[in-house]
Amino acid sequence: MKKCTILCAVMMAATMSLSAQGVNGQSSMVNDFTGTWAAAAEWTGRGDMPRMSLAGNTLREIIQVSIGGEELQLQLSNEFSKEPVEIKSIYVADALDSCDIDRKTVKELKFGGQKSVTIAPGETAMSDNFAYKLKPRQRLAVTICYGEVPVNMTSHRGSRTTSFIATGQIAAKKKFETAEKLDHWYSIAQLNVRTDGQVKAVAVLGNSITDGRGSTTNLQNRWPDQMAANLDCGVLNLGIGGNCVVRGGLSEPAMKRFDRDILGQKNVDRLIIFQGTNDIGTSPHAENTAKELKEAYKTLIKKAREAGIKKVYGATITAFKGNGWYSPYHEAARQDVNEWIRTSGEFDGVIDFDELTRDPSDREKLKKELSEDWLHLNAEGYRVMGEYAAEFLKTKQ
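Residues numbered from 1 in each chain as written. Predicted model: local features only at pLDDT ≥ 70, side-chain atom pairs only at ≥ 80, totals over all residues. Heavy atoms only, no water.

A. Representation of the state of the cysteines. For the coordinates displayed, the defined rule picks out zero disulfides. You can see Cys145 has no disulfide; the closest cysteine sulfur is in Cys99, sitting 14 Å from it. (Disulfide = S-S within 2.5 Å.)

Here it is, written out as structure tokens:
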């Protein structure tokens with residue numbers, strides 16, 4: 001009887017251990033890590049590839065995080081490439097001016113205990129957890145020494161942040177001499193910090209207005225950046241310039257990329273959906289597009305809740321009169337979709353960017369002082385939006 005009791009206890013403990021680890025070795029009971037930064041992965045066309053090859057050379061990329069921590073993990077992506085990407089080494093450090101780093105803070109990363117990793121086409125790789133004193137809202141340099149690279153890298157085109165390429169393999173203590181600059185990110189997809197589940201993240205699904213078109217390069221003043229400056233949680237910007245919800249546009253539409261870009265993030269408990277202007281503005285049948293958008297929103301809301309995201313907020317589509325794709329028919333569709341966002345009850349709350357940013361004397365047009373081109377907002381417009389969204393989220397805690 002005693003042997004049976006011991007055997008049963010051992011079997012129960014083993015079962016619990018397997019359950020906690022999940023199918024891929026990750027904890028499914030407690031999410032110990034929370035996203036502090038993310039970028040939506042995209043296929044890289046010829047016009048967005050560097051002039052000099054990344055093969056055999058070193059890339060230094062700068063990101064600004066939202067929350068801090070002392071244990072991190074970095075995800076790299078080769079999801080949109082048709083060939084493997086070979087990474088000889090990778091290290092992070094506090095970013096200084098331009099391409100310079102604080103060498104006292106350098107930390108070399110490993111993957112399965114090795115400093116090099118080759119990522120197969122269509123795959124991602126998560127680094128081993130590593131110790132690092134990451135401060136909230138700090139700028140972090142990620143330096144990648146490449147071996148062989150795909151013809152078309154996996155990237156994020158709208159970094160609004162300058163990356164630097166140096167010739168050869170630049171070790172952590174070696175001087176970095178820039179041979180080319182460009183405003184794209186390559187390979188990097190997520191940075192997560194250990195929070196033991198106590199600090200959550202809010203993810204933003206969006207297009208170029210969220211991605212920061214009209215913001216200031218290297219000043220990190222997109223509206224999600226401004227929101228993060230006023231919150232104590234992870235803020236993950238999953239905007240893509242030119243992106244649509246249902247079909248068309250640039251990169252995969254939101255309906256296709258949602259599982260990877262939103263549900264694939266760590267410890268997200270709130271989601272903001274602020275997307276639809278490209279679907280409406282480029283549609284030859286705006287009325288039908290408005291109907292499709294409403295159905296798409298309902299599908300995304302349902303998927304988010306089933307995945308454990310507690311709150312899904314809808315943001316109204318901002319005005320675009322004065323922009324080239326404006327017409328009375330497209331405006332009617334925008335008004336229709338916004339009315340549904342405000343009144344359908346499908347969302348857990350409404351962030352009314354339309355009301356916030358429109359001209360009081362012309363509800364179809366942005367305020368002049370907030371407009372970049374009558375579609376995108378400028379840095380001041382993004383400041384207003386970010387602060388407003390932060391105050392909204394604080395009232396919902």
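B. Molecular detail of the sheet that holds strand β14 (residues 185-186). The three strands are arranged β2-β11-β14 in an open sheet whose pairing can be described as antiparallel. The sheet is open, and its two borders are formed by β2 (42-43) and β14, each paired with just one other strand. Both strand β11 (residues 154-156) and β14 contribute to a ladder of two bridges, which runs antiparallel. Its bridge partner lying in β14, His156 is registered against Trp185. (Pairing = 2+ DSSP bridges. Helix = DSSP H or I, 4+ residues; strand = E, 2+ residues; numbered from the N terminus.)

C. Structural view of helix α7 (residues 328-343). Taking 1.5 Å as the rise per residue, α7 with 16 residues should run 22 Å; its terminal C-alpha atoms sit 22 Å apart, in good agreement. Of the positions making up α7, those classed as buried are His330, Glu331, Ala333, Arg334, Gln335, Val337, Asn338, Trp340 and Ile341. Where α7 is buried, its residues contact α5 (277-281), α6 (286-306), β19 (311-315), β20 (349-351), α8 (353-357) and β22 (362-366). (Expected span 1.5 Å × (residues − 1). Buried < 20%, exposed > 50% of the residue type's maximum accessible area, 1.4 Å probe, protein only. Contact = heavy atoms within 4.5 Å.)

D. Representation of the pairing of strand β15 (residues 188-194) in the model. Burial runs high along β15: six of the seven residues are buried. Taken together, the five bridges between strand β1 (residues 33-38) and β15 define a ladder with antiparallel strand orientation. Following the sheet pairing, Ala38 is matched in β15 by Gln190. Across five bridges, the pairing between strand β4 (residues 69-77) and β15 is antiparallel. Looking across to β15, one finds that Leu72 is bridged to Val193.

E. Region of interest: the environment of Ile272. Examined against the element boundaries, Ile272 turns out to sit in strand β18 (residues 268-274). Separated by 43 residues in sequence, Ile272 and Ala315 have C-alpha atoms that sit 6.9 Å apart.

F. How the structure looks around the sheet that holds β19. Judged by pairing direction, the sheet is parallel, and its five strands sit side by side in the order β17-β16-β18-β19-β20 without closing on themselves. Where the open sheet ends on each side, the last strands, each with one partner, are β17 (234-239) and β20. Averaged over all neighbouring strand pairs, the angle between strand axes comes to 25 degrees, with direction disregarded. Two elements, strand β16 (residues 201-206) and β18, share six bridges in a ladder whose sense is parallel. (Axes fitted to C-alpha atoms, helices over the stretch in contact; angles between N-to-C directions.)

G. View of the nonpolar core. Judged by nonpolar contacts, the single largest core of 49 residues is most densely connected at Ile63, Ile87, Ile90, Val142, Tyr146 and Leu191. If one sorts the elements of this core by residue count, strand β5 (residues 85-94) sits on top with six residues. Beyond its immediate chain neighbours, meaning those up to four positions away, Leu191 contacts Thr34, Gly35, Thr36, Trp37, Ile63, Val65, Leu72, Gln73, Leu74, Leu134 and Leu140. Counting 35 residues, the second largest nonpolar core, distinct from the first, contains Ala40, Leu238, Ile309 and Ala333. (Core = buried A, V, L, I, M, F, W, Y, C linked by side-chain atoms within 4.5 Å.)

H. Expanded view of the side chain of His376. Structurally, His376 is set in the loop between β22 and α9 (379-395). Reaching out from His376, the side chain makes a polar contact with the side chain of Ser208 at a distance of 2.7 Å. (Polar contact = N/O pair within 3.5 Å; in protein donor to acceptor, adjacent residues only side chain to side chain.)

I. Geometry of the packing of aromatic side chains. Considering all chains together, one arrives at 11 aromatic pairs under this definition. Aromatic rings pair up to connect Trp223, Phe274, Phe353 and Tyr388 into one cluster. The residue whose ring lies beneath Arg334 is Phe320, and the NZ or CZ to ring-centre distance is 6.0 Å. Lying over the aromatic face of Trp374, Lys365 brings its terminal NZ or CZ to 4.6 Å of the ring centre. (Phe/Tyr/Trp six-rings, centres within 6.5 Å; stacked < 30°, edge-to-face > 60°. Lys NZ or Arg CZ within 6 Å of the ring centre and 35° of its normal.)

J. Quick look at α9. Compared with the 24 Å implied by 1.5 Å per residue over 17 residues, the 25 Å span of α9 between its first and last C-alpha is a close match. Of all the residues in α9, the buried ones are Gly381, Tyr382, Met385, Gly386, Ala389, Ala390, Phe392 and Leu393. End-on, the buried residues of α9 take up no more than an arc of 160 degrees, which puts them together on one face. At the N-terminal boundary of α9, the capping side chain belongs to Asn378, with an oxygen 3.2 Å from the backbone nitrogen of Glu380. (Arc of directions from axis to C-beta.)

K. Geometry of unusual backbone geometry. Backbone geometry at Arg137 places phi at a positive 65 degrees, although glycine is not the residue there. By the element assignment, Arg137 lies in the loop between β9 (130-134) and β10 (139-146). The class of Arg137 is partly exposed, set by a relative accessible area of 26%. The phi dihedral of Asn267 falls on the positive side, at around 60 degrees, and the residue is not glycine. Mapped onto the elements, Asn267 comes out in the loop between α4 (254-261) and β18.

L. Inspection of the pairing of β17 at higher detail. Among the six residues in β17, six count as buried, and that is most of the element. Across the two faces of β17 the burial is the same, with Gly234, Leu236 and Leu238 and Val235, Asn237 and Gly239 all buried. Sheet topology note: the β16/β17 ladder contains six bridges and is parallel. Paired with Val202 across the strands is Val235, a residue of β17.

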